[in-house]
Structure formats: C-alpha cells, structure tokens
Amino acid sequence: MVMAAVMVMMGIVGQAYGGNENDTAKLRSKHDLPIGNKLQLFIDDYVVEKINGAAVYRLHHPEPREVSIEHNEPWEGSGCSFHSVFQDGNKYRMYYSAWDFTIREGSVTDNAHPYKLCYAESDDGIVWRKPNLGLVAFNGSKNNNIVMMSGKLGNVYPDLGHPCVFKDANPNVPADAKYKALIRDWSPASGMRGMLAFKSSDGFHWTLMADKAVITDGAFDSQNIAFWDEDRKEYRAYWRYMAGAEAIRSIRTARSKDFINWTDQQDLKYGDAPETQLYTNVTKNYYRAPHIMIGFPVRYVSRKWSASHDQLPDLANRKLRATGEERFGTALTESLLMTSRDRVNFKRWEEAFLRPGIERPGTWQYGQQYIAWSLVETASALPGAPPEISLYAVEGFWGAIEKGMDVLRRYTIRQDGFVSVNAPMSGGELITKPLTFDGNSLLLNFSTSAAGEIKVELQDKNGRPLKGFSLEDCEPV
C-alpha cells in the first residue's frame, strides 16, 4: 500500500492504470481515494485533481477497417441492425436483427418479411461467417443462419426487430440459462409493449423465462440491453424511454437479481450536458475495468431538408424515403461515448466518438453508425503489437434503390484508448487526488513521439515530493 499523490510531467501522454495485486498492509484514510488494484481510465476525472499547463483531455476515435458482414441474403435486407457481439471461449458470436425496407413514393414499410434473429461467428473477430443452422424455414428451406423468427409464442409476440443476446457471466447461472436475451413483446391484439426474457443452453434453442414481459415501462423501439454486472454481482438493464412532456428519446436503467424482477428504475443523468435525443445506448462493463460502465449511445439529429442534403450520398434514395416521412431522408445519427461508475450518472462526451465520416455510399443517414453491443478484443494487424479493441457499426442502413447494401464495418481502437490526457511539446502537468493502492508499483499506459517524454513524481498529501521520487529523481520516459 502506497499513499500519495502522483504528478506526471508530460510531453505526450496516454492512459493511466491502478496498482498490481501484491498483498501488502492496508492503511486507509477517509480522505484518500482507494483504487485497489483496479485499472483507472482518464475517461473521467475520478482520479485526477487537476491538470495544468497545456494538458487537456482528448477524445480518441476508432479507425475504420474492413466490412465484417454483408446483409445480402434473401431473409436479410436493408434494415439489418442491432447486433450483439461477444467472445465465447475461442469463438466470437454475433446475433442481429434481419429485416428489410420497401421504399416507394409516399411510403416506407418494413413488412417484406417477418423480423428474424440471425447468427454469425468468427474465430478471430475479424473474418466472419454465417453458418447453416438448419433451425428455421424461410421460403421452404432451413438452409440459413436464422435462429428465431417473429411470431406468436403462447400469449406473447416476440418481435425480433430489436434483440439483445449475451452469454451470462453469473457464476451461478443454471446450465439451461447460460445464454440470455431480451426481446421486445409487440403483441398486436392487446397493444402490449415490453421486454421478454429468454434463456438458452447453447445460444440456438430458446425458451421464455416468464410468460409475460419483465420490463414494461418504456418505448423499446431500439436495442434494449441487459447483462450480468460482474462488479456489482447483479443484472443490469438499459432501455429506451421517452422522457418528459416533449417525449425526448432517453435511456432508463434498472437492476435485478434473477433477470425477471427488475427494481430501482431510474433515468440516466448527464450532469450539465445539454438535452440530447439518444436512441440506442450500447452500455456494458468495460471488460478490462468492470467497475466502469462504458456506453456508445446514438445521437439522433433531426434536421429539415436543406441544400446540404442535396450534396449527401444516395440522393435519389434519400429523396424517395423523404416522401414517406421527411426525417427518413434528413435525420442523421452518430455514436457518442459515455461512462459511469454508479450506473446512473454518466459523463457524456459531446463530441461524436464515431462520426458519419468521409462521404461515400451508405453514409450520412439515419441509422448509420449504430455501434454493435459490445466491445471485443482482437489481434492487431501489426505483427508483435498488443491486442486492440474491435467494435462494429452499421453502414448502408435503408440500402439503395437498386439493391440492398446494408453492411457491418469493423473499427479498432487501442486498449483503454478512448480518452487520454494529452499535452503538446510545450508540456503540461497532471496531479492525481491523494490515493491508496494495493501493491508496490503503479503502471502508466502512455504514448509519446520520439521527442516527447514523461516524468513522474510521488508527493505526500501536502504536495511535497517523497524522497527519492521527485521529478529530479525520475529519468525521462
């Protein structure tokens, strides 16, 4: 256990870590910040007391890579979205909604075929395949990757347009519920709305966990998610909610011990951030620091038609969609970054994390940049480099008039590399809050140029350098 403040003098710096797992004496002060051996990110200012000089927080952005999935099968279409991605042992799994748009003058419909839950898999998270599952018939054949299809099931109507699928990390989960899903109930006769809980032993054969919706207070026409919160040892759900008299697209959360009974419903709060229309939420424990929640909500931007729209890609299709409803041709979407430690109050970065990007077919439209839920670790394309994080986002939503072009593109970002404290060559300084940690060393994840450097000083709580650990004692890193 070390109790100190840490001062970092920087040229260019990246991300911060906590301590290691060595067993040491534990002397706590109520005025100190205990970080144990947990990874701490500069994604918020939880461990930071102040930054000086030219140092600033800098949001980083994912790099586009190859197309992972083309939604070009007859049972798929131009509306495929709401992907769930996770690593399962040596395999990567992907579940997604398969549906299609029919676009005509004055109307946009999605009833070309029923919504379906489809499946893809990968050995590395980079090259994906659609296995022939032989489970569900489409046009008389089971030669497809369909897991489930929308339709009546008992007294409910599972709607596969907005699915969420995950492997349950609860160590006490029964064998028949190793995989779970939240699927919207869209019972047309009763007008019921809510989220149905499903379970599976293998991820392919699914049964209801309850005969009615387990969450009913919400809007739900988005990807509504739930998962085992391994840090809090409970299930956590985040779903779409229309808040206030103006019906602002927002996010609500609750927790559960059994995935059936959900309590403590609360709307997410963002401090003094401006009111923003948020569609999806894509929230989960960060896998390298489960005490921190990271989400990638989609910001929905509604605009009236202007001359700028005439310069955007797929103009003919855009104009045709707008005849059905103007926002289908004019609204735009992009993904933000948000983070929380208490699961309700979030720090939200207002600069877009994943912007529409360079103009090209399939971009700058409503439905683009819906990020798949959630992050996975993959090998770097650079031989010998550490693993990186892959995330996946939708392009080509709505398709083109001639043919469907809905795809899922992979993006990458370095481990922990969402936000850094950055300084130019003129330098800057970061001072942590007085903290305690487990072990006898602190780790710092950083990046410099060849000319840039970092120096570290350990201080007591009064800001005095510890003997042998001053800036003068530290060789440039």
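Note that the structure is predicted; figures quoted are calculated from it, not measured. (Residues numbered from 1 in each chain as written. Predicted model: local features only at pLDDT ≥ 70, side-chain atom pairs only at ≥ 80, totals over all residues. Heavy atoms only, no water.)

## Observations concerning the pairing of strand 22 (residues 283–286)
Consideration 1: Two elements, strand 22 and strand 23 (residues 289–295), share four bridges in a ladder whose sense is antiparallel. Across the sheet, residue N285 finds its bridge partner in strand 23, namely M293.
Consideration 2: Connecting strand 22 to the antiparallel partner strand 23 that follows it, the hairpin turn spans two residues. (Pairing = 2+ DSSP bridges. Helix = DSSP H or I, 4+ residues; strand = E, 2+ residues; numbered from the N terminus.)

## Observations regarding the confidence of the model for the chain
Consideration 1: Of the residues in the chain, 91% reach a pLDDT of 70 or more, and the chain-wide mean stands at 91.
Consideration 2: Scored below 50 in pLDDT, residues 10–29 makes 96 contacts in the model with residues more than four places away or belonging to other chains. (pLDDT = per-residue confidence, 0-100. Contact = heavy atoms within 4.5 Å.)

## Thoughts on the sheet that holds strand 17 (residues 206–208)
Consideration 1: As summarised here, the arrangement of the four strands in space is 14-15-16-17, forming an open sheet in which the pairing is antiparallel. Each edge of the open sheet is held by one strand with a lone partner, namely strand 14 (158–167) and strand 17. Taken over all neighbouring pairs, the strand axes of this sheet differ in orientation by 30° on average, direction set aside.
Consideration 2: Across seven bridges, strand 15 (residues 179–185) lies against strand 16 (residues 194–200) in antiparallel orientation. Looking at the pairing, L182 lines up with A197 of strand 16. (Axes fitted to C-alpha atoms, helices over the stretch in contact; angles between N-to-C directions.)

## Remarks on the packing of aromatic side chains
Aromatic ring pairs are defined here through the distance separating the ring centres and the angle between the ring planes.
Consideration 1: Across all of its chains, the model carries 31 aromatic pairs by this definition.
Consideration 2: Look at Y279 and Y370: their rings are 5.7 Å apart centre to centre, the planes differ by 40°, and that puts the pair in the tilted class. Of this pair, Y279 sits in the loop between strand 21 (262–267) and strand 22 while Y370 sits in the loop between strand 26 (347–354) and strand 27 (376–378); the two residues are 91 residues apart in sequence, bridging distant segments of the chain. Grouping residues by exposure puts Y279 and Y370 together as buried.
Consideration 3: Through a chain of ring-to-ring contacts, three or more aromatic side chains come together here, namely F82, W99, F101, Y115, Y279, Y300, F328, Y366, Y370, F397 and W398.
Consideration 4: Positioned over the ring face of F259 is K180, at 5.9 Å from the centre of the ring.
Consideration 5: Above the ring of W373, the side-chain terminus of K284 is found at 5.0 Å from the ring centroid. (Phe/Tyr/Trp six-rings, centres within 6.5 Å; stacked < 30°, edge-to-face > 60°. Buried < 20%, exposed > 50% of the residue type's maximum accessible area, 1.4 Å probe, protein only. Lys NZ or Arg CZ within 6 Å of the ring centre and 35° of its normal.)

## With respect to the pattern of salt bridges
Consideration 1: Using the criterion set out here, one finds 31 salt bridges in the structure.
Consideration 2: In this structure, D416 engages R288 in a salt bridge whose closest nitrogen and oxygen atoms are separated by 2.8 Å. Pair noted here: D416 is in the loop between strand 29 (407–414) and strand 30 (419–422) and R288 is in the loop between strand 22 and strand 23, with a separation of 128 residues, a long-range link.
Consideration 3: On the basis of relative accessibility, which here comes to 0%, the residue D416 falls in the buried class.
Consideration 4: The partly exposed category is assigned to R288, whose relative accessible area is 27%. (Salt bridge = Lys/Arg side-chain N within 4 Å of Asp/Glu carboxyl O.)

## Re a nonpolar patch on the surface
Consideration 1: Where nonpolar side chains cluster on the molecular surface, the patch consists of L444, F446 and V477 and spans about 220 Å² of accessible area.
Consideration 2: As for its placement among the helices and strands, V477 is situated in the segment after strand 34 (454–459).
Consideration 3: Judged by relative accessible area, which is 47%, V477 ranks as partly exposed. (Patch = residues over 30% accessible without salt bridge, like charges linked within 9 Å, V, L, I, M, F, W, Y side chains within 5 Å. Areas by Shrake-Rupley, 256 points an atom, 1.4 Å probe, with all protein chains shown as cover.)

## Description of the state of the cysteines
Consideration 1: In this structure the tally under the stated criterion is zero disulfides.
Consideration 2: Free of any disulfide, C80 has its nearest neighbouring cysteine sulfur in C118, separated by 6.9 Å.
Consideration 3: C80 sits in the buried class, given a relative accessible area of 0%. (Disulfide = S-S within 2.5 Å.)

## Observations regarding the environment of I294
Consideration 1: On the secondary structure map, I294 appears in strand 23.
Consideration 2: Under the relative-accessibility criterion, I294 is labelled buried at 3%.
Consideration 3: A sequence separation of 80 residues divides I294 from S374, and the C-alpha atoms of the two residues are 9.7 Å apart.
Consideration 4: With sequence-adjacent residues up to four places away left out, I294 is seen in contact with L41, I43, V282, T283, K284, Y286, L337, M338, T339 and F418.

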